Amino acid sequence: MAYVITAACIDVKDRACVDVCPVDCIYEGDNQLFIHPDECIDCGACEPECPVNAIFPEEDVPADQKAFIAKNRDVFGSDTPPGRPKK
Ligand code: SF4
């Protein structure tokens, strides 16, 4: 289980979540942030920090956002994986 960043982050990338993640497992892609599913320790610190409510525990991701569970995982295996967030 991991936390998942969904569509509301697209083109917002507020990055407030980045500052509170104790294990630095939130990365930045072209148009949204992603949580590395194997590095996330499920602490929940990021969820209330997001101003657009884009972050959910995996089991609570809304039905119309379920594709983002795979997206947050698969993006790290892509040719252009997300990098360290830019401040
Ligand atoms: Fe980081 Fe905790 Fe959020 Fe996982 S749940 S991304 S460890 S702040």
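What comes next concerns the included structure.

A closer look at the overall build of the protein chain
- Counting secondary structure elements, the protein chain contains two helices and four strands.
- Starting at the N terminus and walking to the C terminus, you meet the elements of the protein chain as β-α-β-β-β-α.
- Taken over the C-alpha atoms alone, the protein chain extends approximately 25 × 25 × 25 Å along its principal axes.
- When burial is assessed residue by residue, the protein chain has 43% of its 87 residues classed as buried.
- Counted over contacts in the protein chain with a minimum sequence separation of 6, partners at least 24 positions apart contribute 65%.
- Accessible surface, the protein chain as shown: approximately 4800 Å² in total, 49% of it carbon and sulfur.
- Looking at the protein chain, you have 8 positive and 17 negative side-chain charges, and the mean spots of the two groups are 5 Å apart.

Topic: the site of the ligand
- Taken together, 13 residues form the shell around the ligand, and within it Cys 21, Cys 40, Cys 43, Gly 44 and Cys 46 come nearest.
- The residue makeup of the shell around the ligand, split by class, is 11 nonpolar, one polar and one charged.

Regarding the nonpolar core
- Counting residues in hydrophobic clusters, the biggest one holds 16 residues, and the most contacted among them are Ile 5, Cys 17, Ile 26, Leu 33, Ile 35, Cys 46 and Ile 55.
- Mapped by element, the contributors of at least two residues to this core are β1 (3-5), α1 (16-20) and β3 (33-35).
- Once residues within four sequence positions are removed from consideration, Cys 46 is found in contact with Tyr 3, Cys 17, Val 20, Ile 26, Ile 35 and Ile 55.

So, the environment of Gly 44
- Turning to its location among the elements, Gly 44 is positioned in the loop between β3 and β4 (55-57).
- The class of Gly 44 is buried, set by a relative accessible area of 16%.

Overview of helix α2 (residues 67-74)
- Those residues of α2 that sit buried are Phe 68, Ile 69 and Asn 72. For α2, the arc enclosing every buried residue in end-on projection is 115 degrees, short of the 170-degree limit, so these residues lie on one face. Facing away from the buried side of α2 by over 90 degrees, the exposed positions are Ala 67 and Asp 74.
- Against the buried residues of α2 lie β1 and β3.

The rules behind these values
Residues numbered from 1 in each chain as written. Predicted model: local features only at pLDDT ≥ 70, side-chain atom pairs only at ≥ 80, totals over all residues. Heavy atoms only, no water. Helix = DSSP H or I, 4+ residues; strand = E, 2+ residues; numbered from the N terminus. Buried < 20%, exposed > 50% of the residue type's maximum accessible area, 1.4 Å probe, protein only. Contact = heavy atoms within 4.5 Å. Areas by Shrake-Rupley, 256 points an atom, 1.4 Å probe, with all protein chains shown as cover. Lys, Arg positive; Asp, Glu negative; His and termini not counted. Charge placed at Lys NZ, Arg CZ, Asp CG, Glu CD. Near = heavy atom within 4 Å. Nonpolar A, V, L, I, M, F, W, Y, C, P; charged D, E, K, R; others polar. Core = buried A, V, L, I, M, F, W, Y, C linked by side-chain atoms within 4.5 Å. Arc of directions from axis to C-beta.

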